[in-house]
Amino acid sequence: MKTKLMRAKYLIPMTKNGENLDRIEDGYILFQEKILEVGRYSEEIANRIINKYGEHLEIIGNSDSTRVPQLNGVILPGFIKAHGHDHESTIIGIAKDQPLTVWLDAAVNPFTEWIHNSKDQLTEQLGISPYLLTYTKARVDDISFGITTALTHHCNFNKYHVNELAEASEVVGTRIFIAVGSQDRNYYEKILDSVDEALLRLDKYLADNQNLDRVTIIPGPDQFFSNGPELLKALKQWSRDHNTLMHIHSSEEPNTTKWFTNKYGFSPVGYADSIGFLDNRTMLAHQVHSTKDDIEIMAKHNVMVVHNPLANTILGSGMPLILDMIDAGIRVSISTDGSGSADSQNMLSAARLASQYQKALNQDATVLGAEEVLQMITTIPAEMLGINAGSLEIGKDADIIMVDLSKPNMVPTIKETVLENIIWASAGNEISYVIANGKTLIDNYAFTTVDIKELNHKMQDLAKVFEQYRVNASKIKGTGANV
Ligand SMILES: [Zn+2]
């Protein structure tokens, strides 16, 4: 691999040298798979680097290796998405304006069942496995919004197709955590597991992917309402035995949250606590509906919460008490959820909404500021996932993006406003360069690892064929533990 040098108008390394995050004007970064140097650019530095690396140096944004152009952008660490689903690109726009469980039955379950049952026929029709196609599109969606690491919660029929997701991630060049789904109650009956089936599935996918450095397999029981106590206990033991994270949807919408109180006399968090499920490696996605006791329990066990404001507001689920959680010392990151519920993978939009909502709710413009929400999509999820990324420092993995400042909405941007404009002025898709593990995945808006035209064309075909199926398919009902 060549050594690469990138220079831009601004660089935000996500480090602090005092109270506030550093902002570097005319910044540069030198890297291979790891970051070698980062800081303020000068001609002396450029001359030293060019002399040292010569023809083995690649200068980003310039084909000759003697001049170092200052790109009109902001260099940042790649964003880290700690909760999403990679099958949902195809169902964007379907069953909108519906609550969570209705949307699951009208969009997610029909699509995942159809693609599962029609795999061979679709593979022939499309010239590619519909899973590989869909997952590749999801990986492309991620990088187009600057996401270089994702945790994909692989539920529903997707739990039978983990290796294709790993393959898609390898092809596109992202780092991925695959939380392998399970369900044994209150869910579509065709995909209910026994405890043994769920454990054997984890064993198999762990073995199948053990040689892929950038793929991590962890348990991802779908939700507390859809996984009974014996299954959850067994999965938690598996995660302890294998020293992995544990990922699950929790307290996402009001009805299923109430169901726990009726059945167990506990909230979902109380239920999880009562079976020994909570610890510092447990990640709760959503956790929209929390009591004061829930927050105490979560803080006591040092669990992690992944907040998905786009999905929570679109599905009308509610919004979590993020500020109370943070005050209690709970680690909270911001994510998008799947493309079907969030309608995009726009991480900056999710960060902005998280901040905007809390300011309005608390009638206080000072809460959850730009610096804090930027940390919640970089350094905080990096720490949660235990990866060597999330900031631009020597020795960290070279996961680097650039936010383009040439778009009208980003003008003017100066050193004093650069961080604020990334959160408040950006549309979220001004991502002109994406580098993951030192490899360039997006080069001045051009995708380097996939044929984007062909991919988009096939996704259009897949959506059309699914729509033909969907209008005549028998309706699925009954997902969710409704009271
Ligand atoms: Zn989700």
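Note that the structure is predicted; figures quoted are calculated from it, not measured. (Residues numbered from 1 in each chain as written. Predicted model: local features only at pLDDT ≥ 70, side-chain atom pairs only at ≥ 80, totals over all residues.)

A. A look at the overall build of the protein chain. The secondary structure content of the protein chain amounts to 18 helices and 17 strands. Relative to a compact globule of 483 residues, whose C-alpha radius of gyration would be 23 Å, the protein chain shows 22 Å and is just as compact. If one aligns the C-alpha atoms of the protein chain with their principal axes, the spans along those axes are about 70 × 55 × 45 Å. When burial is assessed residue by residue, the protein chain has 53% of its 483 residues classed as buried. Within the protein chain, counting contacts between residues at least 6 apart in sequence, those at least 24 apart form 74% of the total. (Helix = DSSP H or I, 4+ residues; strand = E, 2+ residues; numbered from the N terminus. Rg over C-alpha atoms; globule rule 2.2 N^0.38 Å. Buried ≥ 20, exposed ≤ 12 C-beta atoms within 10 Å, placed from the backbone. Contact = placed C-beta atoms within 7 Å.)

B. View of the pairing of strand β7 (residues 147-154). Of all 8 residues in β7, 8 are buried, a share of seventy percent or more. Relative to β7, strand β6 (residues 79-84) runs parallel, the two sharing 4 bridges. Along β7, the bridge assignment pairs Lys81 with Ala150. Examined bridge by bridge, β7 and strand β8 (residues 175-182) share 6 bridges and lie parallel to one another. Bridge pairing in β8 places His153 opposite Ala179. Between the parallel pair β7 and β8, the chain is carried across by helix α5 (residues 162-172), and the sense of this crossover is right-handed. (Pairing = 2+ DSSP bridges. Right-handed = clockwise from strand over helix to strand, strands pointing away.)

C. The arrangement of the sheet that holds β8 in detail. If you walk across this open sheet you meet the 4 strands as β6-β7-β8-β9, and the pairing is parallel. The sheet is open, and its two borders are formed by β6 and β9 (215-221), each paired with just one other strand. Looking at each pair of strands side by side, their axes are set apart by 15 degrees on average, direction ignored. Along the sheet, α5 makes contact with β7, β8 and β9, crossing β8 at roughly 165 degrees. Set on the sheet, helix α7 (residues 229-241) makes contact with β8 and β9; between it and β9 the angle comes to about 160 degrees. (Axes fitted to C-alpha atoms, helices over the stretch in contact; angles between N-to-C directions.)

D. Spotlight on helix α2 (residues 100-117). End to end, α2 covers 24 Å across 18 residues, agreeing with the expected 26 Å (1.5 Å per residue, within 8%). Val108 marks the point of greatest bend in α2, at about 30 degrees, and the proline Pro110 comes within the next four residues. Taken together, the buried positions of α2 are Leu100, Thr101, Trp103, Leu104, Ala106, Ala107, Val108, Asn109, Pro110, Phe111, Thr112 and Ile115. The inward-facing, buried residues of α2 abut α3 (119-126), α4 (130-144), α13 (339-342) and α18 (452-472). (Expected span 1.5 Å × (residues − 1). Bend = angle between axes of the 7 residues up to and from the residue.)

E. A look at the domain arrangement of the protein chain. Taken domain by domain, the protein chain comprises domain 1 (3-78 + 392-446) and domain 2 (79-385). Placing the centre of domain 1 and that of domain 2 at their C-alpha centroids yields a distance of 31 Å. Opposite the 22 residues of domain 1 that make contact, domain 2 presents 27 residues. Of all elements in the fold, only α17 (418-424), β15 (431-436) and β16 (439-443) reach the threshold of two or more residues within the side of domain 1 that touches domain 2. Among the elements that take part in the side of domain 1 that touches domain 2, α17 stands out by supplying 5 residues, more than any other. Of the residues that constitute the side of domain 1 that touches domain 2, the class distribution is 13 nonpolar, 6 polar and 3 charged. (Domains from an automatic or database assignment. Nonpolar A, V, L, I, M, F, W, Y, C, P; charged D, E, K, R; others polar.)

F. How the structure looks around unusual backbone geometry. With an omega dihedral of 0 degrees, the bond running from Val411 to Pro412 counts as a cis peptide bond. Here Asp26, not a glycine, exhibits a phi torsion of approximately 55 degrees, which is positive. On the secondary structure map, Asp26 appears in strand β2 (residues 24-31). With 15 C-beta atoms counted inside 10 Å, the residue Asp26 sits in the partly exposed group.

G. Structural view of helix α8 (residues 254-264). When we look at burial in α8, the residues that qualify are Thr256, Thr257 and Phe260. Projection of α8 onto a plane perpendicular to its axis shows the buried side chains occupying an angular sector of 105 degrees, all on one side. As for α8, its buried residues are in contact with α9 (268-274). One or two residues past the end of α8 sits Gly265, with phi positive at roughly 75 degrees. (Arc of directions from axis to C-beta.)

H. Up close: the sheet that holds strand β11 (residues 282-286). If you walk across this open sheet you meet the 4 strands as β10-β11-β12-β13, and the pairing is parallel. The outermost strands of the open sheet, each flanked by one partner alone, are β10 (246-250) and β13 (331-334). When strand polarity is set aside, the average angle formed by the axes of neighbouring strands in this sheet is 25 degrees.

I. The packing of helix α6 (residues 195-208) against α7, seen in detail. Orientation of α6 relative to α7, taken along the N-to-C sense of each, is 25 degrees, at an axis distance of 9 Å. One element, α6, and the other, α7, form an angle in the roughly parallel class. Helix-helix and strand crossings are classified by hand; for α6 and α7 the assignment is right-handed. Taken together, the residues of α7 that come into contact with α6 (itself represented by Val195, Ala198, Leu199 and Leu202) are Glu230, Leu231, Ala234, Leu235 and Trp238. Of the residues assigned to the contact of α6 with α7, the class counts are 8 nonpolar, no polar and 1 charged. (Parallel < 35°, antiparallel > 145°, perpendicular 65-115°, else oblique. Left-handed = near helix turned anticlockwise from the far one by under 90°.)

J. Highlighting the packing of α4 against α18. Following both chains from N to C, one finds α4 and α18 inclined at 120 degrees, their axes separated by 10 Å at the closest point. As judged from the angle between their axes, α4 and α18 are oblique. Crossing of α4 over α18 shows left-handed handedness. Across from Pro130, Leu133, Thr136, Lys137 and Val140 in α4, the residues of α18 making contact are Ile452, Leu455, Lys458, Met459 and Leu462. A per-class count over the contact of α4 with α18 returns 7 nonpolar, 1 polar and 2 charged.

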